[in-house]
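Examining the three-dimensional arrangement
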Amino acid sequence: MADRLALPGFVNAHSHAFQRALRGKVEGADFWAWREAMLDLARGLTPGEVRTEYAAAYGEMRAAGYTAVGEFHYVGLAEARAAVEAAAAAGVELVLLHAAYARGGLERFRQESVGEYFAQVESLREAGGRVGLAPHSVRACPRDWLEEIGRYAERDGLVLHVHADEQPREIEECLAEHGLRPLELLAETGCLGPRTTVVHATHADERELDLLAEAGARVCLCPTTEANLGDGFPPLVGLLERGIPLCIGSDSNVRIDPLEELRELEGIARRQTLRRNVIPVADLLAAGAASGAAAVGIDEWPAIEVDLGHPSLRGVAPSETHAALVHGCGADVLTPSRDG
Ligand SMILES: [Zn+2]
């Protein structure tokens, strides 16, 4: 159809849907104050609220062009089931990245043992949901949990997602406890492989980037959240030089717009290199779609359409539509595909 351009749906490889409710709050305070507000919100969450609030957030994602979501979930088992229902109601493909949480955070995040964690994963899988393993971070999981989770992922061919190297403090604590940086520990414990997605990797050093490349692991970048939280810039040059696959996530959901995430990525890369066209448009679009699908372990997800009659695309030549989309449009130019 002449007024529409079909595209693969965007894949949001890293979401914490409940954090959508935090937008506008604690903007005047630092990361740790934000985290306290996040914990307060998580503390009171009920399955009923998850069902309602997540359906609303996933509905916004669907409208913004995300048709599949990896929900990195650490707020309870009943709530995980509610998240699956919410996604079905909103019409997005969901992969529930069920978090293992041994220590820290809130009591409701934690399992008593790694055996209890696997029992939760099994019950979600038996209910028919698509599930991935998600040791929350090297802060939240000790070495023996990481080893067992790495083995389980390998044995069952499941994707494994983990936060790492988001804040310098996490690296200092990991060095103090293990004498290793977070990605070194993940490599040693069998948690870095071709089905692994490391979320953030903001402060990864050269050695850690080498480990990612050797493992064939992927990195999920969440530029609007990383900017909002003051995490830092991702080591884009090092990631790109090594050919490490990238995907995107809306993470805290302070913004829900895949085009903005991609534009931010390229904007950061341009500022870091003093060049333009660092990540070609086709590669950016692939990071936003197929690479995210690979990260969450799905082969099929709904397509979307670009409204070529939208004012943001007025006067754009057909050959330049993709570039204009990434560099000059918001998600309001995207709509669900009329073919379903
Ligand atoms: Zn996260």
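You'll find the structure just up there.
In this report, the structure presented in the accompanying data block is examined. Chains are numbered independently. Their residues run from 1 in the order of the written sequence. Where totals are concerned, whole chains, interfaces and linings use all residues; where local detail is concerned, this predicted model gives features only for residues with pLDDT of at least 70, and gives and counts side-chain atom pairs only at 80 or more. Heavy atoms from the whole structure form the basis of all side-chain values; hydrogens and water molecules are not counted.

1. A few points about the overall build of the protein chain
The number of helices and strands found in the protein chain is 14 helices and 11 strands. Note on method: radius of gyration uses C-alpha positions; expected globular size equals 2.2 Å times residues raised to 0.38. At 19 Å, the protein chain has a C-alpha radius of gyration in line with the 20 Å of a compact globule built from 340 residues. Across its three principal axes, the protein chain shows a C-alpha extent of roughly 60 × 45 × 45 Å. Under the scheme applied here, a residue whose accessible area is under 20% of the maximum for its type counts as buried, over 50% as exposed, and between as partly exposed, the area being computed with a 1.4 Å probe on protein chains only. Every one of the 340 residues in the protein chain was classed for burial, and the buried ones make up 56%. Going along the chain from the N terminus, every DSSP run of H or I of four or more residues is numbered as a helix, and every run of E of two or more is numbered as a strand.

2. Structural notes on the coordination of the zinc ion
The donor set covers N, O and S atoms within 2.8 Å of the metal, switching to 3.2 Å for Na, K and Ca, and it leaves out water, so a site may look short of donors. The zinc ion binds to the protein through His-14 (NE2), His-16 (NE2) and His-163 (NE2); the donor distances cover 2.0 to 2.1 Å. Positions of the donor residues of the zinc ion, expressed as sequence spacing, correspond to H-x1-H-x146-H. On the basis of relative accessibility, which here comes to 2%, the residue His-16 falls in the buried class.

3. A short note on helix H8 (residues 206-215)
Taken as a whole, H8 has its buried residues at Glu-208, Leu-209, Leu-211, Leu-212 and Ala-215. Taken down its axis, H8 places every buried residue within 155° of arc, on the same side. Exposed positions of H8 whose direction lies more than 90 degrees from the buried face are Glu-206 and Glu-214. Pairs of N or O atoms are called polar contacts if they sit within 3.5 Å, as long as, within protein, a hydrogen donor faces a hydrogen acceptor (for residues adjacent in sequence, only side-chain-to-side-chain pairs). Where H8 begins, the side chain of Asp-205 points an oxygen toward the backbone nitrogen of Arg-207, at a separation of 3.2 Å. Immediately beyond the C-terminal end of H8, within one or two residues, lies Gly-216, with a positive phi of roughly 75°. Working note: the arc is built from the helix axis to C-beta atom directions.

4. A few points about the side chain of His-163
Residue placement: His-163 occurs in strand E6 (residues 160-164). Overall, His-163 belongs to the buried group, its relative accessible area being 8%. Within the structure, the side chain of His-163 is placed 3.1 Å from the side chain of His-14, a separation counted as a polar contact. There is a polar contact of 3.4 Å between the side chain of His-163 and the side chain of His-16. Contact between two residues is taken to exist if any of their heavy atoms lie within 4.5 Å; hydrogens are not considered. In this structure, His-163 is in contact with His-14, His-16, Phe-72, Pro-135, His-136, Ser-137, Val-138, Glu-170, Val-199 and His-200, ignoring residues within four places of it in sequence.

These figures come from the coordinates and say nothing about function on their own.
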